[in-house]
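# Survey of secondary and tertiary structure
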Amino acid sequence: MAKNDDTFRKVIAHAKEYGYIFASSEIYDGLSAVYDYAQNGAELKKNLKDYWWRSMVYGNQDIVGIDASILMHPKTWKASGHVDAFNDPLIDNKDSKRRYRADVLIEEHVDKLDKKIEREVKKAQKRFGDAFDKEQFLETNERVLRYKKEGQDILKRMGESLAKEDLADVKALIEELEIVCPVSGSKNWTDVRQFNLMFSTKLGASADSAMDLYLRPETAQGIFVNFQNVQQTSRQHIPFGIAQIGKAFRNEIVARQFIFRMREFEQMEMQYFVKPGEELEWYEHWKQKRLEWHYSLGLGKENYRFQDHENLSHYANAATDIQFNYPFGFRELEGIHSRTDFDLKAHETASGRNLKYFDPFENKSYIPYVVETSIGLDRLVLAVLSNSYQEEELENGTTRVVMKLPAIVAPVKAAVLPLVRKDGLPELAKEIIEDLQWEYNVQYDDKESVGRRYRRQDAAGTPYCITVDHQTKEDGTVTIRDRDTMEQERVKISEISNRLRHTVSARDWIAQLKK
Ligand code: GAP
């Protein structure tokens, strides 16, 4: 299905209709950029977390998982640089009074150049038909190369100006590109200013003694401050990693695009501690490993690409994003950063504790370097939902909406449907449910005709429908209908669990994907 604004609107509406995602406190008209996961969304998110944790923690003998608190000593955020430098560049339009992130306005301008490239490709495809070689066209067509260079130059200049904190040049760039306010249509802009993204709160009951705290804007610092405790108690030696899944909070200014940019979101991060000088090798290792993990979800390799950072943060000596092809274009899904020894060194200085690691093989102490992999769980949910939503034309001329979710993360693994609500079929269906429910999230459904029930389960993303009919009573068999092919097969009741194994077992899922 084409990926565009229209698809995106449909995905958002569908996510609400089928119990995936609701606006937070909707009865009070919602809270901007804060969302609640409903019955299916919570399952999908839980399954994605589990898939990540299994491959990251259980799949690597040198990685352990922790769960640090959201509230941390405020000195943490001074040492990490967040108090002074965790800012977004803001700009206001004087006519509409709307506030924007200056970098997002510029990136959206560059997106338009990407769209122009897509249109050139489509035109050429039409003109040359089967003989069309897309890769060659992208590498040689003059107009495409011009658009590409224009986009790259804009992003390079923006990155350099932001790194130098040259906000006047960021504004100059917006003016030179003649970017208009999407609401007022005017180019009447204020200067660009920095805005700190951390939410603050207070610890303690009385106003005098209360301590100012922040809600953590990333989970990583909970790993850094625990580095020594975890290393010593887990008896790991360098290189080794610490993984964590948890909430993070950012007072995002431009909070659009549904769950792509939220104020309360979840991260799945891993910090890999290595010997100084070996970090770039490990950085390459984790880049490939993370990309392969994304491929293993089966959303299509063509939907991912790396976007290396042109201008590095002060603490990094290499950084890239794994971008996903969302309905609104390729955007960051996961960041992979070689963070040097910046964080541990900063915490050593600020806390006065010795955070060095004693290397028994080299007989010396040093502050390890860190390679970080950091993925936004909600962005992963959005990638899965937007890629899975499909409208299909069927042979009989009707259309169906189907969510082709990877079975390993689908909320409900199978629906068990008695063909009719009589003749003992509901009782048989419930027995099957009782047998499966400790291993699988299965759902009983006997409302409306079986055809309508199939459609409802297709739209909800349930990979299998198990139908109990009169033959079940005679020979103990049921039909299993595959959501994607709509094909049905008769199997023994005792075989069902084996047939569903790949929907819960990562090993079976990957084996099936390779077939
Ligand atoms: N510890 C490194 C770190 O936090 P980041 O690039 O700022 O790096 C990592 O964030 C990931 O967190 C991003 O790749 C993105 O998937 C997710 N993320 C960041 N801000 C987000 C937001 N406002 N809403 C949803 N996800 C967000």
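Notes on the structure follow. These numbers come from a predicted model, not from an experiment.

Reading the values: the criteria
- Residues numbered from 1 in each chain as written.
- Predicted model: local features only at pLDDT ≥ 70, side-chain atom pairs only at ≥ 80, totals over all residues.
- Heavy atoms only, no water.
- Phe/Tyr/Trp six-rings, centres within 6.5 Å; stacked < 30°, edge-to-face > 60°.
- Helix = DSSP H or I, 4+ residues; strand = E, 2+ residues; numbered from the N terminus.
- Buried < 20%, exposed > 50% of the residue type's maximum accessible area, 1.4 Å probe, protein only.
- Lys NZ or Arg CZ within 6 Å of the ring centre and 35° of its normal.
- Near = heavy atom within 4 Å.
- Polar contact = N/O pair within 3.5 Å; in protein donor to acceptor, adjacent residues only side chain to side chain.
- Nonpolar A, V, L, I, M, F, W, Y, C, P; charged D, E, K, R; others polar.
- 1 Å grid on protein atoms, 1.4 Å probe; cavity = no way out; pocket = protein on both sides within 12 Å on 5 of 7 lines; lining within 4 Å.
- Points joined across faces, edges and corners; volume = space filled by probe spheres on them.
- Domains from an automatic or database assignment.

## Concerning the packing of aromatic side chains
Aromatic rings in a pair are described by how distant their centres are and how their planes are angled relative to each other. By the definition in use, this model includes 21 aromatic pairs. Judged by centre distance (6.4 Å) and plane angle (0 degrees), the rings of Phe-128 and Phe-132 are stacked. With a centroid separation of 4.9 Å and an interplanar angle of 55 degrees, the aromatic rings of Tyr-272 and Trp-282 are classed as tilted. Taken together, the positions of Tyr-272 in strand 10 (residues 264-274) and Trp-282 in helix 11 (residues 279-295) put the pair ten residues apart, joining distant regions of the chain. A relative accessible area of 1% means that Tyr-272 is categorised as buried. Through successive ring pairs, a cluster of aromatic residues spans Phe-8, Phe-260, Tyr-295, Tyr-304, Phe-324, Tyr-326 and Phe-328. Above the plane of the ring of Phe-260 lies Arg-379, whose end atom (NZ or CZ) is 3.7 Å from the centre. The aromatic ring of Tyr-454 is capped on one face by Arg-481, whose charged end is 4.5 Å from the ring centroid.

## Overview of the site of the ligand
Looking at the ligand, there are 20 residues lining it, with Glu-218, Glu-252, Met-262, Glu-269 and Glu-332 nearest. Here a nitrogen atom of the ligand sits 2.8 Å away from a polar atom, N or O, in the main chain of Met-262. Measuring from an oxygen atom of the ligand, one finds a backbone N or O atom of Gly-376 at 3.0 Å. Broken down by secondary-structure element, the contributors of at least two residues to the shell around the ligand are strand 10, strand 13 (329-338) and strand 16 (369-376). Top element by residues in the shell around the ligand is strand 13. It accounts for five residues. By residue class, the composition of the shell around the ligand is five nonpolar, five polar and ten charged.

## With respect to empty space enclosed by the protein
Counting across every chain of the model gives one cavity of 30 Å³ or more. Space inside the largest cavity adds up to approximately 90 Å³. If you trace the largest cavity, you find it lined by Val-104, Glu-107, Glu-108, Val-254, Arg-256, Gln-257, Arg-261 and Arg-331. A total of three residues in the lining of the largest cavity trace back to one element, the largest contributor, which is helix 5 (residues 102-128). Tallied by class, the residues present in the lining of the largest cavity amount to two nonpolar, one polar and five charged. Shared between two domains, the lining of the largest cavity holds at least three residues of each, these being domain 1 (1-85 + 197-377) and domain 2 (87-195).

## Some details on the layout of surface pockets
Empty space within the second largest pocket amounts to approximately 480 Å³. Forming the boundary of the second largest pocket are 21 residues, of which Tyr-51, Glu-292, Trp-293, Ser-296 and Ile-510 lie nearest the centre. Of all elements in the fold, only helix 2 (39-58), helix 11 and helix 18 (506-514) reach the threshold of two or more residues within the lining of the second largest pocket. Looking at which element gives the most residues to the lining of the second largest pocket, the answer is helix 11, with six residues. Of the residues assigned to the lining of the second largest pocket, the class counts are ten nonpolar, five polar and six charged. Shared between two domains, the lining of the second largest pocket takes at least three residues from each, and those domains are domain 1 (1-85 + 197-377) and domain 3 (412-514).

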